[in-house]
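# Structural overview
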Amino acid sequence: MKKLFAIAAAGMLTVALTACSNNGGDSEVIVKTSAGDISKAEFYKEMKTSVGKKVLQNMVLLQLLDKKYDVSDDLDKQVKQIKDRFDSDDKFQSWLEQQGFKNEDQLREAVKGNLLVKEARTGDVKVSDEEVRGYYEKHKKDQYTKIKVSNIVVEKKSEAETIKNKLNGSNFAEMAKQHSIGNASKNGGDLGYITKQSNMVKPFLDAAFKLDVGEVSEPVKSNYGWHLIKVTDKKEVPFKDVKEQIKQQLTQQQAKPVNEVINELYKEGKIEVKDDYFDGLFKVQEPQKQQSGDATKKESNEDK
């Protein structure tokens, strides 16, 4: 993806290169210092040799993608979704600046580029409802089950072992309030429902999903301390809640390789390079041939 499109990072450089080459007056000084001056021509030459190939490649690819695909509806929708996250224009503008965009137009260009790439890679992919449902049923227990957990966190393993020996069926929340360090003492240690994809440390997730409802773990070490984990409920995530997520995942798995998309665009684009410095930049890359014979067999065995 990075090879095909980096418009957000390259956009400023594109503007600079274009301005230097099109505005005339290449000898015009753009910076004066006590050590000498820097002209537009010098600046353009440096930009061309350092980042010019990547910028030009992105410009051409974006132009070809824009001619081939129409993503205007999705573009309006995505930009609106971003803007709707902010309750004022000032906050939106502040966020734009933090992301490196001068204005909404630059944001739209970045979003548009990503949408065009996505369309080029996945526009022909069709994932049926049956495939989505099948994936859900196959992975329901390992990916689409959520558990409600509480935990007690202390600094030492010996503390955790002592507390576990004092636990009974109903005093977990009270022990969490009394002994847990940090925020773990709040709400009796209740963390609500989590899934295997939740943003939590791996040792915690691994231990929690091995427990049955009502069971308390052995002490589990993490960067936060020693945990005692209790599962208080377990249920499946409804299919309707993850249907779109699964569809996107399966679509991405069938996406065209980036090199294939680039080659198609180069072939269709009838590109003529007028500057010798960029000669060969848009050459169609032949797909790598698979090795044959013993080397292939050896490689396959090593993979196993």
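Let me begin by describing the structure that accompanies this report. The structure displayed is predicted, hence computed values, not measured ones.

Strand order across the open sheet formed by four strands is β4-β3-β6-β5, with antiparallel pairing between neighbours. Each edge of the open sheet carries a strand with a single partner, namely β4 (190-194) and β5 (220-222). On average, each strand axis in the sheet is tilted by 40° relative to the strand beside it, whichever way the strands run. Note that β5 and strand β6 (residues 225-236) share three bridges and pair antiparallel. If you follow Val 220 over to β6, its bridge partner there is His 227. Docked against the sheet, helix α7 (residues 157-166) engages β3 (145-154) and β6, running at close to 50° with respect to β6.

In terms of nonpolar packing, the biggest core is built from 30 residues, with Leu 65, Ile 82, Phe 92, Trp 95 and Leu 107 touching the most fellow members. Contributions of two or more residues to this core are made by α2 (40-68), α3 (72-83), α4 (89-98), α5 (104-122) and α11 (258-269). Take this core: its biggest share by element is seven residues, from α5. Each residue touching Trp 95, except ones within four places of it in the same chain, is listed here: Ile 82, Arg 85, Phe 86 and Leu 107. Val 149, Ile 194, Leu 205 and Ile 229 belong to the second-largest nonpolar core, a separate cluster that totals 12 residues.

Evaluated as defined, the whole model comprises seven aromatic pairs. Ring geometry for Tyr 266 versus Phe 282: centroids 5.6 Å apart, planes at 90°, classification edge-to-face. Separated by 16 residues along the polypeptide, Tyr 266 in helix α11 and Phe 282 in the loop between α11 and α12 (294-303) bring together distant segments of the chain. Side by side, Tyr 266 and Phe 282 carry an identical accessibility label, which is buried.

Turning our attention to α2. The terminal C-alpha atoms of α2, which comprises 29 residues, lie only 35 Å apart, well short of the 42 Å expected from a rise of 1.5 Å per residue. At Val 51, α2 shows its maximal bend, which comes to roughly 75°.

The next thing to look at is the pairing of β6. As defined by bridge partners, β3 adjoins β6 across 10 bridges and the pair is classed as antiparallel. Opposite Lys 148, over in β6, you have Asp 233 as the bridge partner. Hairpin connection, β5 to β6: the antiparallel pair is bridged by two residues.

What counts and what doesn't
- Residues numbered from 1 in each chain as written.
- Predicted model: local features only at pLDDT ≥ 70, side-chain atom pairs only at ≥ 80, totals over all residues.
- Heavy atoms only, no water.
- Pairing = 2+ DSSP bridges.
- Helix = DSSP H or I, 4+ residues; strand = E, 2+ residues; numbered from the N terminus.
- Axes fitted to C-alpha atoms, helices over the stretch in contact; angles between N-to-C directions.
- Contact = heavy atoms within 4.5 Å.
- Core = buried A, V, L, I, M, F, W, Y, C linked by side-chain atoms within 4.5 Å.
- Buried < 20%, exposed > 50% of the residue type's maximum accessible area, 1.4 Å probe, protein only.
- Phe/Tyr/Trp six-rings, centres within 6.5 Å; stacked < 30°, edge-to-face > 60°.
- Expected span 1.5 Å × (residues − 1).
- Bend = angle between axes of the 7 residues up to and from the residue.

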